[in-house]
Amino acid sequence: MKFLLVLAVVLVAFWIWRNNRLNERPGAPPPRGPGKPVAMVACDHCGTHLPEAEVVRGQQGVYCCKEHRRQNEGSSP
Ligand SMILES: [Zn+2]
């Protein structure tokens with residue numbers, strides 16, 4: 001009778017372990033997949049292309065870094 005109890009505990013532990021592994025799944029990052037297209041914009045100073053989310057926005061355009069915004073627009077905020 002004790003053997004059945006041990007077997008049940010082992011099965012439950014295995015089931016929990018398996019569920020945790022399925023939830024973590026290191027191979028599949030949730031929303032940002034490599035196949036998702038990202039809008040690319042070119043720096044108005046040097047022409048470097050970079051994702052729209054990473055651009056530095058200026059009054060006359062977008063730039064790859066604050067330095068290029070400063071060089072193109074003259075003012076440093
Ligand atoms: Zn640039």
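That block above? That's the structure.
Just so it is clear, the model here is predicted, and its values are computed rather than measured. (Residues numbered from 1 in each chain as written. Predicted model: local features only at pLDDT ≥ 70, side-chain atom pairs only at ≥ 80, totals over all residues. Heavy atoms only, no water.)

Some remarks on the pattern of salt bridges
Reasoning step 1: In the structure shown here, the tally under the stated rule is two salt bridges.
Reasoning step 2: Linking R57 and E52 is a salt bridge whose minimum nitrogen-to-oxygen distance equals 3.9 Å.
Reasoning step 3: With its nearest N and O atoms 2.6 Å apart, the salt bridge here joins E67 to R70. With E67 and R70 both in helix α2 (residues 66–73), this residue pair falls three residues apart, about one helical turn. (Salt bridge = Lys/Arg side-chain N within 4 Å of Asp/Glu carboxyl O. Helix = DSSP H or I, 4+ residues; strand = E, 2+ residues; numbered from the N terminus.)

Here we look at the coordination of the zinc ion
Reasoning step 1: Looking at the metal site, the zinc ion is ligated by C43 (SG), C46 (SG), C64 (SG) and H68 (ND1), spaced 1.9 to 2.3 Å from it.
Reasoning step 2: Around the zinc ion sit four donor atoms, and with donor-metal-donor angles ranging over 96 to 123° the site reads as tetrahedral.
Reasoning step 3: Taken in sequence order, the residues that donate to the zinc ion follow the motif C-x2-C-x17-C-x3-H. With C46 in the loop between β1 (40–42) and β2 (49–51) and H68 in helix α2, the pair connects residues that are 22 residues apart, well separated along the chain.
Reasoning step 4: Among the residues examined, C46 registers a relative accessible area of 39% and is labelled partly exposed. (Donors = N, O, S within 2.8 Å, 3.2 Å for Na, K, Ca; no water. Tetrahedral: all angles 85-135°; square planar, octahedral: opposite > 155°, others 65-115°. Buried < 20%, exposed > 50% of the residue type's maximum accessible area, 1.4 Å probe, protein only.)

A few points about the packing of aromatic side chains
Reasoning step 1: Counted under the stated rule, the structure contains one aromatic pair.
Reasoning step 2: A ring pair is formed by F14 and W17, whose centres lie 5.7 Å apart and whose planes are at 35°; its orientation type is tilted. Taken together, the positions of F14 and W17, both in helix α1 (residues 2–24) and three residues apart, correspond to about one turn of that helix.
Reasoning step 3: Under the relative-accessibility criterion, F14 is labelled partly exposed at 44%. (Phe/Tyr/Trp six-rings, centres within 6.5 Å; stacked < 30°, edge-to-face > 60°.)

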